[in-house]
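# Observations on the three-dimensional arrangement
Each chain is listed here by its residues.
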Amino acid sequence: MENTATSQEILNKHLELSRSQSEQDFLECYREDSFLIMRSGVRRGIEGIRACYRQLNQELPNARYTYKAVVIEQDVGFLEWSADSDTHTVSDGADSYVLRDGYIRAQTIHYTLLPKSSLRSTAEPSAASITSDNSATPEAARIAGGVTRGPEVEIVVDGQPIQAFEGESVAAAILASGRRAFRTTTRLDEPRGMYCGIGVCFDCVMTIDGRLNVRTCQAPVRAGMRIESQRGDGKWRFES
Ligand code: FES
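Residues numbered from 1 in each chain as written. Predicted model: local features only at pLDDT ≥ 70, side-chain atom pairs only at ≥ 80, totals over all residues.

### Some thoughts on the overall build of the protein chain
For the protein chain, the helix and strand inventory stands at 5 helices and 15 strands. In the protein chain, buried positions account for 22% of the 240 residues. Considering only residue pairs separated by 6 or more positions, the protein chain has 45% of its internal contacts joining residues 24 or more positions apart. (Helix = DSSP H or I, 4+ residues; strand = E, 2+ residues; numbered from the N terminus. Buried ≥ 20, exposed ≤ 12 C-beta atoms within 10 Å, placed from the backbone. Contact = placed C-beta atoms within 7 Å.)

So, in structure tokens, the structure goes:
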């Protein structure tokens, strides 16, 4: 049957599947006659592209990707991206795509690996010294001195009241309460929380006062807000 997916739909699907960290998901948008061009040469077919995926995963273990710009014209797409992994970061990722018949038929990939050790100055705290589990107390997660805060208020997150300060972001208040996961992904139900902190990645979205997909890193705290974690794109509720 003819695949009538638009270029936008093909690329959106590819980007969503790429976040799932599953090799099979990643390969879903390619066909046997697809090919991929990178600095080291051309990778052809599913097996060639699989090798490229594995190389990328080795170079960027447990990477979190941020899509900075997506531009599509007819059947050609352009993606600008960055990544943060356990060992390296990428700030200049740039891919081009030819999108036809529901698949990525050709792609170019460019990125530069930056070892994380070269980014960290000796004055910075090590990653291990930053609490990352859900057991952090609000006191431990907030800077104690030298900060002027708005009035203390209470907001309700998934039915639990938490301490917050007017004017700080909802994401900051939730992180300070010791919670790291804000939502789960549509396909794999994996947890996501604050990532970019500047309104770009949409990893931090939650339902606030009944409004879906609000970026909590951009939403200032107001007294009495009711916030709910959401699964995928969330569900609208209508009064009967
Ligand atoms: S953390 Fe990226 S949009 Fe909020």
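The structure having been displayed, the exposition proceeds.
### Considerations on the nonpolar core
Counting residues in each nonpolar core, the largest one holds 19 residues, and the members touching the most others are I155, V170, A171, A173, I174 and I227. Counting residues per element, this core draws most heavily on helix α5 (residues 170-176), at 7 residues. In this structure, I227 is in contact with I155, V156, V157, V170, M206 and I208, ignoring residues within four places of it in sequence. Grouped together as the second largest cluster of nonpolar side chains are 9 residues, I10, L11, I49 and Y97 included. (Core = buried A, V, L, I, M, F, W, Y, C linked by C-beta atoms within 7 Å.)

### Section: the sheet that holds strand β15 (residues 230-231)
Within the open sheet, the 3 strands sit side by side as β11-β10-β15. Their pairing is mixed. Each end of this open sheet is capped by a strand with a single partner; those strands are β11 (191-192) and β15. Sheet topology places strand β10 (residues 183-184) next to β15; 2 bridges connect them, and they run parallel. Counted as the bridge partner of R183 is Q230 from β15. (Pairing = 2+ DSSP bridges.)

### Quick look at helix α1 (residues 7-18)
The terminal C-alpha atoms of α1, which comprises 12 residues, lie 16 Å apart, in line with the 16 Å expected from a rise of 1.5 Å per residue. I10, L11, H14 and S18 are the residues of α1 that are buried. Along the axis of α1, the buried positions cluster into a sector of 90°, meaning they face one direction only. Packing partners of the buried residues in α1 comprise α2 (23-27), β3 (64-73), β4 (76-84), β5 (88-100) and β6 (103-110). (Expected span 1.5 Å × (residues − 1). Arc of directions from axis to C-beta.)

### So, the confidence of the model for the protein chain
Low-pLDDT portions of the prediction should not be read for the details of their coordinates. With 86% of its residues at a pLDDT of 70 or more, the protein chain shows a mean pLDDT of 83. Averaged over each element, pLDDT in the protein chain is lowest for helix α4 (residues 138-141) (58) and highest for β6 (95). Every residue in residues 118-136 scores below 50 in pLDDT, and together they form 12 contacts with partners more than four places removed in sequence or on other chains. (pLDDT = per-residue confidence, 0-100.)

### Concerning the sheet that holds strand β8 (residues 152-157)
Spatial ordering of the open sheet is given by β9-β8-β14-β12-β13, a layout of 5 strands whose pairing is mixed. Among the strands making up the open sheet, the edge pair consists of β9 (160-165) and β13 (211-215). Between one strand and the next, the sheet's axes are offset by a mean angle of 40°, whatever the strand orientation. (Axes fitted to C-alpha atoms, helices over the stretch in contact; angles between N-to-C directions.)

### Details of the pairing of strand β1 (residues 30-38)
Two faces belong to every sheet, and in a regular strand the side chains alternate between them. Sheet topology note: the β1/β6 ladder contains 4 bridges and is parallel. Of the residues in β6, the one forming a bridge with F35 is A106. Relative to strand β2 (residues 41-44), β1 runs antiparallel, the two sharing 4 bridges. Within β2, the position partnered with F35 by the bridge is R44. Linking two consecutive strands that pair antiparallel, namely β1 and β2, is a turn of 2 residues.

### Considerations on the pairing of β5
For β4 and β5, the ladder comprises 8 bridges, and the chain directions are antiparallel. Paired with D84 across the strands is T89, a residue of β5. Between the antiparallel neighbours β4 and β5 lie 3 residues. Two elements, β5 and strand β7 (residues 114-115), share 2 bridges in a ladder whose sense is antiparallel. If you follow H88 over to β7, its bridge partner there is P115.

### Looking at the environment of T66
Within the secondary structure, T66 is located in strand β3. Taking the C-beta count within 10 Å as the criterion, T66 has 19 such neighbours and is therefore assigned partly exposed.

### Considering the environment of L11
Relative to the helices and strands, L11 is located in helix α1. Measuring from C-alpha to C-alpha, the distance between L11 and V70 comes to 9.0 Å, with 59 residues separating the pair along the chain. The contact partners of L11, leaving out residues within four places of it in the chain, are V70, I72, G77, Y97 and L99.

### Here's the deal with the environment of C52
Looking at where C52 falls in the secondary structure, it is placed in helix α3 (residues 45-59). Taking the number of C-beta atoms within 10 Å as the measure of exposure, C52 has 19 and is therefore partly exposed. Separated by 16 residues in the primary sequence, C52 and L36 place their C-alpha atoms 8.5 Å from one another. In this structure, C52 is in contact with L36, M38 and R43, ignoring residues within four places of it in sequence.

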